[in-house]
Amino acid sequence: MCGIIGYIGKRQAQPILLHSLAKLEYRGYDSCGIAVASSGIQIYKDAVRVAELAKASPQLDGTIGIAHTRWATHGEPSQVNAHPHCDCTSRLAVVHNGVINNYQSLREQLTSEGHKFISETDTEVISHLVEKYYHGNLEKAVAAALSDVEGSYAIIVLAADEPKLVFAKKDSPLVIGIGDRENFAASDVPALLDYTNRVIYLEDGDIGVVTEDSIKVIRDSKEIAREEHKVLWSAEQAQKGGYEHFMLKEIHEQPKVIRDTLGEYTQVPQQIVDLEIMRDTGKEPLLILACGTSYHAGLVGKYLIEELLRVPARAEIPSEFNYHGHSFTTRLTIAVTQSGETADTLKAMKMLKEAGCKVIAISNVVGSTATRIADQTIYTRAGPEISVAATKSFIAQLMVLYWLVMVYSKVYSKADAKRAADMLLGLRQLPSKVQQILDNDSAILKCAKYLSSYENVFFAGRGINFPIALEGALKLKEISYIHAEGYAAGELKHGPFALLSADTPVVAVVAKDNTYEAMLTNIKEVKARRAPVIALVGEEDETIEKIVDLVITVPRVNAIFSPVVNTVALQLLAYYTARQRGCSIDFPRNLAKSVTVE
Ligand code: F6R
């Protein structure tokens, strides 16, 4: 969702801001804008892509500036609603990520005091509030303005008369980039990687000032020191590296991601998670919280934990849990979030922590908000994921969950240590199994060409592959815009069968486990309704290909690892289908990479 960037230094700000804005595109947006200060503030903004903005904007002279990609919440995407937003004097400009909950009453109050609003946005109240409190000291004015505001924000404020940027953060991400006689503030690290790998992660409630050669962070009116971190991601990792799309590159990175994530943890498990938490909670129910694709990883985790450890587990969507989950008591929750910034997940984590629950985060972004709320974090080593559709982060999340189950096994009993050893062996074979799928994707391409002419598709799976059916459907719908639904295969006949016809293909995700025979029956039932079936089967299978229309064969693995190989095949299926339909694969319409509003 919205991305913000600020620059102050010796160089011209405009090209740097536009370059960084392009790196923030992946977060999802519908309009963008830039403001540069020299003697006054010059602004250029519109409901266009960053490349169009860069082409159309006049040269804006100055070495201090701010810029924004907007994902509309209050008011449609338009030139007037795009950020930056100014005050009445046009000597202040603000970019904002987040939502101001009390903007309506603030707007009415400010209007009655003579302020003139021109946009429909919640953000514009911030610029007018800063104007109201501005008497020559920008940070004081920003602090006073924010004390009137309820909601979430990461903001950067620019004043025509002061060579500084003022920033503030609450419940929306913001990092400071430290350069050589230049400094930055940005929504996330990929926006900075071409300029610096030295960053400061801010905390909620931080306000601060950045000049060309200083960074000041203020909390409760006192200056405080915040630790500097070195980012290990390289600028190259956030480039396409010769692939047509980030999504394809990220799918192809998965063997390495598996190796990196496993390598990290299988060496020194005890040091990563404090096993005392697990010992403490024993076999009490576990809660797993996550949204979207991460939720599907969480659901796989639930199956793994219940099946292999015989510990009851619940996977919940935070946007629901936050409103109805109060009766469920648990002492240990696992929050799965690639970005570490998903608003609903963060809200649930905070709520649980306040209730005394321990929270382990599984996240891909070092220093993200989730990692600071959590008692412990297990990092996925996926590297920067730029494509809006999550791929490699999902596989890395699965790796962490497999690993956690192994660690748990050891905690519970010595007998389970043997299973942990077997699992480790199976996990170590996964990179080469995934590589085989990537190297032999002609059957997947054929299925994608076939699917691309349909408008409705079902995905069906059972057991540990039910979440994979959900994930396959999510991937297909989000990037190809084909209506796709994931179902537990046994549920199809409880309603969806009414939709089955020769125009409704069903993708059956099959594994050679205790669900196999039931899946076989379900496939036959679907075929009897004349719906075409594409089946994902293991290479050892000789039965299913005889009864379905098309087959995608995945390498033989232990059935508990079938979610990994099946997912990779379904990612490619979605990718090739979307490519066939000429879709905007990396940046699907209306979607945001980081969902920072409720
Ligand atoms: C889909 C996708 C989303 C995210 C969801 C949660 O491809 O990427 O469904 O999985 O928005 O995001 P995180 O994992 O950052 O909390």
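Q: Give a description of the environment of Glu182 that names residues and reports values.
A: By the secondary structure assignment, Glu182 is in the loop between strand E9 (175–178) and strand E10 (183–186). Take Glu182: its relative accessible area is 8%, and that puts it in the buried class. Separated by 408 residues in the primary sequence, Glu182 and Asn590 have C-alpha atoms spaced 34 Å apart. A polar contact of 2.6 Å, which involves the side chain of Glu182, links it to the side chain of Tyr7.

Q: Run through the packing of helix H17 (residues 466–480) against helix H19 (residues 562–580), naming residues and quoting values.
A: Where H17 contacts H19, the two axes come as close as 9 Å, and the packing angle between them is 20°. Here H19 runs roughly parallel to H17, going by the angle between their axes. Note that H17 runs across H19; the crossing there is right-handed. Contacts from Ile468, Glu471, Gly472, Lys475, Leu476, Ile479 and Ser480 of H17 reach H19 at Pro563, Asn566, Thr567, Leu570, Ala574, Tyr575, Thr577 and Ala578. Here the contact of H17 with H19 is composed, by residue class, of eight nonpolar, five polar and two charged.

Q: An account of the state of the cysteines is requested, with residue identities and associated values reported.
A: Simply put, disulfide is the name for a covalent bond between the sulfur atoms of two cysteines. Throughout the structure, instances matching the rule amount to zero disulfides. Distance from the sulfur of Cys32, which forms no disulfide, to the nearest cysteine sulfur (Cys2) is 12 Å. Residue classification places Cys32 among the buried positions, given a relative accessible area of 1%. Counting only cysteine sulfurs, Cys357 is the nearest neighbor of Cys291, a cysteine outside any disulfide, at a range of 17 Å.

Q: Tell me what's going on with the pairing of strand E11 (residues 198–201), and back it up with residues and numbers.
A: Alignment of E9 against E11, held across three bridges, turns out to be antiparallel. Its bridge partner being in E11, Ile176 is matched across the sheet by Ile200. Judged from the two bridges that link them, E11 and strand E15 (residues 229–230) form a sheet pairing that is antiparallel. What sits directly across from Val199, in E15, is His229.

Q: Run through the side chain of His296, naming residues and quoting values.
A: Note on placement: His296 falls in helix H10 (residues 292–309). For His296, a relative accessible area of 8% translates into the label buried.

Scoring rules and cut-offs
- Residues numbered from 1 in each chain as written.
- Predicted model: local features only at pLDDT ≥ 70, side-chain atom pairs only at ≥ 80, totals over all residues.
- Heavy atoms only, no water.
- Helix = DSSP H or I, 4+ residues; strand = E, 2+ residues; numbered from the N terminus.
- Buried < 20%, exposed > 50% of the residue type's maximum accessible area, 1.4 Å probe, protein only.
- Polar contact = N/O pair within 3.5 Å; in protein donor to acceptor, adjacent residues only side chain to side chain.
- Axes fitted to C-alpha atoms, helices over the stretch in contact; angles between N-to-C directions.
- Parallel < 35°, antiparallel > 145°, perpendicular 65-115°, else oblique.
- Left-handed = near helix turned anticlockwise from the far one by under 90°.
- Contact = heavy atoms within 4.5 Å.
- Nonpolar A, V, L, I, M, F, W, Y, C, P; charged D, E, K, R; others polar.
- Disulfide = S-S within 2.5 Å.
- Pairing = 2+ DSSP bridges.

Purely spatial values, then, with no claim about function.
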